Amino acid sequence: MDVIEKNKLRMSELAADNPQLAEQVDALDWNELKTAVDECIFNKEETGLPETYGPASYFPLQPENSEQEVLFAEAVEHGEGIVRAGKTAAFTVAGGQGTRLGYDGPKGTLGVSPVKGKPLFQLFAEQILGISEKYEVVIPWYVMCSPLNLEATVSHFEEREFYGLGKDNLKFFAQGVMPATDFEGNLLLANKDSLALSPNGHGGSLKALIDSGSVADMAERGIEHVSYFQVDNPLVSVINPLLIGLHDLQRSDMSSRSLTKTGPFEKLGNFVSVGDRVAIIEYSDLPEEKALEKDEAGRIKYRAGSPAIHVLRRDFIEQFASGEIKLPYHRAEKKVACLNEAGETEAPEEPNAVKFETFVFDALPLAKNPLILEADRLEEFSPVKNRTGVDSLESSQADQVKRAKRWLANAGHAVKEDTIVEICPRAFPSDKDLLGANLEKYDLEADSIYLG
Ligand code: UTP
């Protein structure tokens, strides 16, 4: 008997006189579990690396020749036209469990801005409002949560009156879950009434956008492009006309921002080219000799890293509806509290479980005409992932201040070195919106400045 059949038998026995568990077991997609267990447990040695690949080419941050200069100018205009015509939506994936941060609540509700302590969700909402006002258009915002944090997320927005975006222009939905198993593929129970379930990864967002009716809602609204970003990056440009313009001009299904890696082993996914397609190889999977390769100019060849910022065509997402094209599962070995033999829930000290997750970047190889546009790290990326150190609240706040000062300096305003500055994204959604703005009402000599 294979492990799936064994699981079915065991679960039907346990669920026989336990309606709560029975409900979960009935809802289980056994075929999906079999796929996940086959991919991540029985064939886990298969790396999934493409047979041949090379570094992906990308558009540089600044145009490098006159042809690019013309293209970028055209793309900005084209992208702005698309935004103004109401064809873009913002999409945040906020279903993660944020275990590294250890914050008790949905991550988007964490206060992160340096002066006002605004939550991540507020910063995105204000940026969306600012862009909507600038282009005189409604930009609907779709927020993917998990079954574990949906209610708390919706309450957060209700209490804050949807940050002024209008309830109808915001849609919250839960992504799917997958059961965790032990290293042999046996299902784990979180307690006697429940399987150990966890969100199925940000790759679950494509199916969840369809199943929740969000894609249909987008179609009704005339949305053609979906701007995808993660909940933990307060610097993200939620709707970027240059990226959207290039993406549409090139008829790309899925476009991405890249960051130039700080070194060969920086922990960012690596963009690679595979024929006429693009893929991401995780930092842990890129062979060392490849990571160290240099080009003729002495630069790291595989230097385009992914900050997980994408634009997807709505009709590309729709292709995931039938279930015929699917994203592969990745294996994550985690510590999962579960029932021990004495029937008590026990938190393990070492990883004891396999969680099955799909990743949105695995949609890239399926995308036609993929395009990558370099981003400036200081402008666009400083995620809050960890409690301390790299990619923490502290480092992100410092980066927010650095960027605000840079924007001020570019607009011709110098402030003291140790001044803390925060810029409201509604008042000034981008650096360009600060150029020539009248800042007389602000005390730019103060130790702490809030422009908003
Ligand atoms: P991370 O990989 O950083 O995971 O997610 P996480 O759950 O937030 O944090 P850790 O690893 O437990 O500490 C990157 C982005 O993908 C979203 C997260 O909310 C974050 O925006 N995500 C992740 C989902 O929406 N669903 C998932 O199942 C996993």
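Throughout, a residue's number is its position along its own chain's written sequence, starting from 1. The predicted origin of the model limits local features to residues at a pLDDT of at least 70 and limits the giving and counting of side-chain atom pairs to 80 or more, whereas totals for whole chains, interfaces and linings rest on all residues. The basis for every side-chain value is the complete set of heavy atoms in the structure, and neither hydrogens nor water enter the calculation.

**Student:** Explain the pattern of salt bridges to me, using residue names and the numbers behind them.
**Tutor:** Salt bridges are counted wherever a side-chain nitrogen of Lys or Arg sits within 4 Å of a carboxyl oxygen of Asp or Glu. Counting across every chain of the model gives 27 salt bridges. A salt bridge links aspartate 248 to arginine 313; the nearest nitrogen and oxygen atoms lie 3.2 Å apart. Taken as a pair, aspartate 248 in helix H9 (residues 241-249) and arginine 313 in strand E14 (residues 310-313) lie far apart in primary sequence, 65 residues in all. With a 1.4 Å probe rolled over the protein chains alone, any residue whose accessible area is under 20% of its type maximum counts as buried; one over 50% counts as exposed, and the rest are partly exposed. For arginine 313, a relative accessible area of 6% corresponds to the buried category. With a closest N to O distance of 2.9 Å, glutamate 266 and arginine 377 form a salt bridge. Within this pair, whereas glutamate 266 is found in the loop between strand E10 (254-260) and strand E11 (269-274), its partner arginine 377 is found in helix H12 (residues 377-380), the two being separated by 111 residues in sequence. By relative accessible area, which is 19% here, glutamate 266 ends up buried. A relative accessible area of 24% places arginine 377 in the partly exposed class. What counts as a helix is a DSSP run of H or I of at least four residues, what counts as a strand is a run of E of at least two, and both are numbered from the N terminus.

**Student:** An account of the site of the ligand is needed here, citing residue identities and associated values.
**Tutor:** Val93, Gly95, Thr99, Gln175 and Lys385 are the nearest of the 18 residues found near the ligand. What qualifies as a polar contact is a pair of N or O atoms within 3.5 Å, subject to a donor-acceptor requirement within protein and to the restriction that residues adjacent in sequence count only when both atoms come from side chains. In the environment of the ligand, an oxygen atom lies 2.8 Å from a nitrogen or oxygen atom belonging to the backbone of glycine 95. Here the ligand has 560 Å² of accessible area as a free molecule, and 87% of this is covered by the chains. Here the shell around the ligand is composed, by residue class, of five nonpolar, nine polar and four charged. Near residues are defined by distance, with any heavy atom within 4 Å of the molecule or strand qualifying the residue. The Shrake-Rupley method, run with a 1.4 Å probe, gives the accessible areas here. Residue values count only the displayed protein chains as cover. Ten residues, namely Ala, Val, Leu, Ile, Met, Phe, Trp, Tyr, Cys and Pro, are considered nonpolar, four, namely Asp, Glu, Lys and Arg, are considered charged, and the remaining ones, Gly among them, are considered polar.

**Student:** Tell me about the state of the cysteines, and name the residues and values.
**Tutor:** In what follows, a disulfide is any cysteine sulfur pair within 2.5 Å. Tallied over the full model, the rule gives zero disulfides. Considering cysteine sulfurs only, cysteine 338 is the nearest to cysteine 40, which forms no disulfide, with 18 Å between them. Under the relative-accessibility criterion, cysteine 338 is labelled buried at 10%.

**Student:** Kindly report on the side chain of lysine 107, identifying the contributing residues and their values.
**Tutor:** Assignment of secondary structure puts lysine 107 in the loop between strand E2 (88-93) and helix H5 (120-135). For lysine 107, a relative accessible area of 16% translates into the label buried. If we skip the residues at most four places from it in the chain, lysine 107 touches Gly98, Leu101, Leu120, Val231, Asp232, Val384 and Lys385. Contact definition: two residues touch when any of their heavy atoms are within 4.5 Å.

**Student:** Run through the packing of helix H1 (residues 3-15) against helix H2 (residues 19-27), naming residues and quoting values.
**Tutor:** Simply put, an axis is a line fit to the C-alpha atoms, just over the touching stretch for a helix, and the angle between two N-to-C directions goes from 0 to 180 degrees. Following both chains from N to C, one finds H1 and H2 inclined at 150°, their axes separated by 8 Å at the closest point. Between H1 and H2, the interaxial angle falls into the category roughly antiparallel. On the side of H1, the interface is formed by Met11, Leu14 and Ala15, while H2 contributes Leu21, Ala22 and Val25. Roughly parallel covers angles under 35 degrees, roughly antiparallel covers those over 145, roughly perpendicular covers 65 to 115, and oblique covers all other angles.

**Student:** Provide a residue-level description of a negative patch on the surface, including the pertinent values.
**Tutor:** Like-charged residues within 9 Å of one another, or nonpolar side chains (Val, Leu, Ile, Met, Phe, Trp, Tyr) within 5 Å, are grouped into patches, provided each residue has over 30% relative accessible area and no salt bridge. Note that His is not counted, nor are the chain ends; the positive residues are Lys and Arg, and the negative ones are Asp and Glu. Every charge is mapped to an atom, namely NZ of Lys, CZ of Arg, CG of Asp or CD of Glu. A surface patch of like charges, here negative, comprises Glu344, Glu346, Glu349 and Glu350. With respect to the helices, strands and loops of the structure, glutamate 346 is situated in strand E17 (residues 345-346).

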